[in-house]
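Architecture and fold: a report
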Amino acid sequence: MKRLRIGNIELENSYILGPMAGVTDLPFRLLCKEQGAGLVCMEMVSAKGIMYHNKNTESLLKIHPEEMPASLQFFGSEPKILSEMAKRIEERPFTFLDINMGCPVPKVVRNGEGSALMKNPRLVYELVSAVVKAIEKPVTVKIRKGFNDEQVNAVEIAKIIEEAGAAAVAVHGRTREQYYSGRADWEIIRQVKEAVSIPVIGNGDVTSGERAIAMQEQTGCDGVMIARGAQGNPWIFSELTAYEQTGELPPRPTLEEIKKTMLRHARLQLEYKGEYMGIREMRKHVAWYVKGLHGAARLRDEINKVESYEGLENILTSL
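Rules of the game
- Residues numbered from 1 in each chain as written.
- Predicted model: local features only at pLDDT ≥ 70, side-chain atom pairs only at ≥ 80, totals over all residues.
- Heavy atoms only, no water.
- UniProt positions renumbered as here; feature names shortened; annotations may be inferred.
- Helix = DSSP H or I, 4+ residues; strand = E, 2+ residues; numbered from the N terminus.
- Buried < 20%, exposed > 50% of the residue type's maximum accessible area, 1.4 Å probe, protein only.
- Contact = heavy atoms within 4.5 Å.
- Phe/Tyr/Trp six-rings, centres within 6.5 Å; stacked < 30°, edge-to-face > 60°.
- Lys NZ or Arg CZ within 6 Å of the ring centre and 35° of its normal.
- Salt bridge = Lys/Arg side-chain N within 4 Å of Asp/Glu carboxyl O.

1. What about the UniProt feature "binding site: FMN" (unreviewed entry) in the protein?
Under the UniProt annotation, the feature "binding site: FMN" (unreviewed entry) is placed at P19, M20, A21, Q73, K142, H172, A227 and R228. Within the fold, A21 resides in the loop between β3 (15-17) and α1 (26-34). With respect to the helices, strands and loops of the structure, H172 is situated in strand β9 (residues 168-175). Looking at H172, the relative accessible area reads 5%, which means it is buried. Among residues more than four places away in sequence, those in contact with H172 are K142, I143, R144, K145, Y180, N203 and G204.

2. With respect to unusual backbone geometry
Residue M68 is joined to P69 through a cis peptide bond whose omega torsion reads 0°. Looking at where P69 falls in the secondary structure, it is placed in the loop between α3 (55-60) and β6 (70-75). Residue H53 is not a glycine yet carries a positive backbone phi of 55°. By the element assignment, H53 lies in the loop between α2 (47-51) and α3. The exposed category is assigned to H53, whose relative accessible area is 64%. Located in the positive-phi region is D205, a residue other than glycine, with phi close to 65°. Tracing the backbone through its elements, the reader meets D205 in the loop between β10 (200-203) and α9 (209-219).

3. Remarks on the packing of aromatic side chains
The description of an aromatic ring pair uses the distance of the two centres, along with the angle that the planes make with each other. All chains considered together, the criterion is met by one aromatic pair. Judged by centre distance (5.9 Å) and plane angle (70°), the rings of W235 and Y289 are edge-to-face. Taken together, the positions of W235 in the loop between β11 (223-226) and α10 (236-246) and Y289 in helix α11 (residues 255-289) put the pair 54 residues apart, joining distant regions of the chain. Above the plane of the ring of F94 lies K137, whose end atom (NZ or CZ) is 4.0 Å from the centre. We note R280 situated over the ring of Y276; from NZ or CZ to the ring centre the distance is 3.8 Å.

4. Some remarks on the pattern of salt bridges
Pairing is possible between side chains of opposite charge, provided their charged atoms come close. For the structure on display, the rule yields 19 salt bridges. The shortest N-O distance in the salt bridge between R280 and E307 comes to 3.5 Å. Here the residue R280 occupies a position in helix α11, and E307 occupies one in the loop between α12 (296-303) and α13 (309-317), the gap between them amounting to 27 residues. Overall, the relative accessible area of 23% leaves R280 in the partly exposed class. A salt bridge links K284 to E281; the shortest N-O distance between them is 3.5 Å. On the criterion of helical spacing, the pair formed by K284 and E281 is a turn pair, its members being three residues apart in helix α11. Taken together, the shared-partner salt bridges in this structure form one network comprising D25, K273, E281 and K284.

Next comes the structure, spelled out in structure tokens:
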């Protein structure tokens, strides 16, 4: 199995569950870890949220021993706050601290955070170097191709990140203006890989095991970050690890396996979030799980009305 080394940590493989707000919560991370993800990334956390002891932020910081190694992703734009909050939480059991420079959401960008940072190379250096100096754990950074087509500067920013002392960089092959539309540019990932000596993790349009393998072959990237491609599809990680061991992609999960995983996912949601919130969180996950199945549209309508685990179980039993 091809292992990925980031700083002083060696991962079991090079396949990473990417951070997604509202998706990569603790239950989903546990499922992906069980399926063989080499690293799971948490939902992004506001450094200021930690500073002000925000209750919602605290819930995002929960980590289960069985999901390790895990990457905790910070966002913010003030070096002093980012570094001080990184130091404050360093004793928590995360493995890597990742700085978000890729989020395209307007309210984040308007604050000069997320992908807006790519417009300010000097601030990128100050942020990364401040956090690297503040903590002992390896620091990584997630970036995009650029802010827009006129500002494609992933190579420049990656070099700055390396110079500032980061242990790895993840590159999403889209600009901020693209959000998640159009095709991801894997060529920019290849260019970043050739420009820096720290590990480069490719991200964008990895929707299957075949696509992950193609990205590695086309870009030479050290790791593959799978985000939306894992929604309703935690098996993508077991497919990839099986391919590395046998040279063949295994068959897709059966309907019974999908149903069994959905119910396990639901039980985890209830365990960590209670029935009211847990079942409502499951609605979107079930919609992803059943995509492409016969009667998926009707099933989604039914799931959007379900309010209990028993109700969900009854609907899935009828499949």
